[in-house]
Amino acid sequence: MSELQTHILEYASSHPSFSIVELLSATPKSILSSRATLEWYLGQLTKNGKLSRIGKGRYSSRPHSIFIPQPRETDAELFHQLKTAYPEATFCIYKGSIFAPLQHHLSYNAMTYIETQRELTEVLFHRFQGEGKVVFHRPNKKILYDYIDISKPIFIIKPLITGSPLQEVTGITVPTLEKLLVDIRCDADFDYMGGSESARMLENAVSLYAINTTKLFRYAGRRHCREQFMEEFNQLGL
């Protein structure tokens, strides 16, 4: 192992997360030939699993898993039904159990969330009503607390925010962790996870999973809560 590689790992062990600029300033010139060399070593260490890339130019030495929803947290059959009926539309479909690994106070959520283009949400709402399903269209806080029992198999239909960070798992489009963390702060139907619970969920997410802060901050900016997340990440030492 080269002296520079050893230095990088020693620096990473004492810094929960760091940027290339921060590492550059802490690296003795005697062992560093160029920034390109440093970036190459960072790339190799990331590839070998000794570092995690958590944002543009940011790294962490903490072992993190990738947040990938499990089959019980998705609805493949419904996804394929809707894609067959509306092939040009984008759908993001997931079940409320997707939040369980992040929650401090576990609340059983049996609902199914369907996000798609705004102009299609009302069409789906009436379609589901016609099929006899219990369905709500963009519910606000009053509807959430007065009429919705999250432990029941209810459907929530709402617009998919432009630029939402999504991922494909076994052919199904589902939210990324970054999207979920932002949405629980912004969507009225997630209000029951607000306040201190959402803060604890962020802490749990940071300790358990790799988070792409660049992606999260970009999406949070679209939802007008970027500064809030930046402050919380700073408080967490990230």
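For the structure itself, look to the data block above.
Note that the structure is predicted; figures quoted are calculated from it, not measured. (Residues numbered from 1 in each chain as written. Predicted model: local features only at pLDDT ≥ 70, side-chain atom pairs only at ≥ 80, totals over all residues. Heavy atoms only, no water.)

A. A look at the pattern of salt bridges. Counted by the stated rule, this structure contains 14 salt bridges. Put simply, Glu-131 and Arg-127 hold a salt bridge, and the shortest N to O gap is 3.3 Å. By relative accessible area, which is 42% here, Glu-131 ends up partly exposed. One salt bridge connects Arg-185 with Glu-232, and the closest N-O pair in it is separated by 2.6 Å. Here Arg-185, found in helix 7 (residues 177-186), pairs with Glu-232, found in helix 10 (residues 226-235); they are 47 residues apart in sequence, far enough to count as distant. Pair check on accessibility: Arg-185 and Glu-232 agree, each one buried. Among the charged side chains, a network of salt bridges with common partners joins Glu-115, Lys-158, Lys-179, Asp-183, Asp-187, Asp-189 and Arg-223. (Salt bridge = Lys/Arg side-chain N within 4 Å of Asp/Glu carboxyl O. Buried < 20%, exposed > 50% of the residue type's maximum accessible area, 1.4 Å probe, protein only. Helix = DSSP H or I, 4+ residues; strand = E, 2+ residues; numbered from the N terminus.)

B. Representation of helix 5 (residues 118-130) in the model. Those residues of helix 5 that fall on the buried side of the exposure criterion are Leu-120, Thr-121, Leu-124, Phe-125 and Phe-128. Looking straight down helix 5, one finds that the buried residues subtend no more than 150 degrees of arc, so they occupy a single side. Away from its buried face by more than 90 degrees, helix 5 exposes Glu-119 and Gly-130. Buried residues along helix 5 sit in contact with helix 4 (76-85), strand 5 (112-116), strand 6 (135-137) and strand 7 (155-159). Residue Gly-132 follows helix 5 closely and has a positive phi angle near 80 degrees. (Arc of directions from axis to C-beta. Contact = heavy atoms within 4.5 Å.)

C. Seen up close, the packing of aromatic side chains. Applying the stated rule across the entire model yields 12 aromatic pairs. Between Phe-99 and Tyr-113, the aromatic rings sit 6.5 Å apart at their centres with planes inclined by 90 degrees, giving edge-to-face as the arrangement. Residue Phe-99 is located in the loop between strand 4 (92-95) and strand 5, and its partner Tyr-113 is located in strand 5; the two are separated by 14 residues in the primary sequence. On the basis of relative accessible area, Tyr-113 is assigned to the buried category, the value being 0%. Plain terms: the ring middles of Phe-128 and Phe-155 are 5.2 Å apart, the flat faces sit at 85 degrees to each other, and that makes the pair edge-to-face. With Phe-128 in helix 5 and Phe-155 in strand 7, the pair connects residues that are 27 residues apart, well separated along the chain. (Phe/Tyr/Trp six-rings, centres within 6.5 Å; stacked < 30°, edge-to-face > 60°.)

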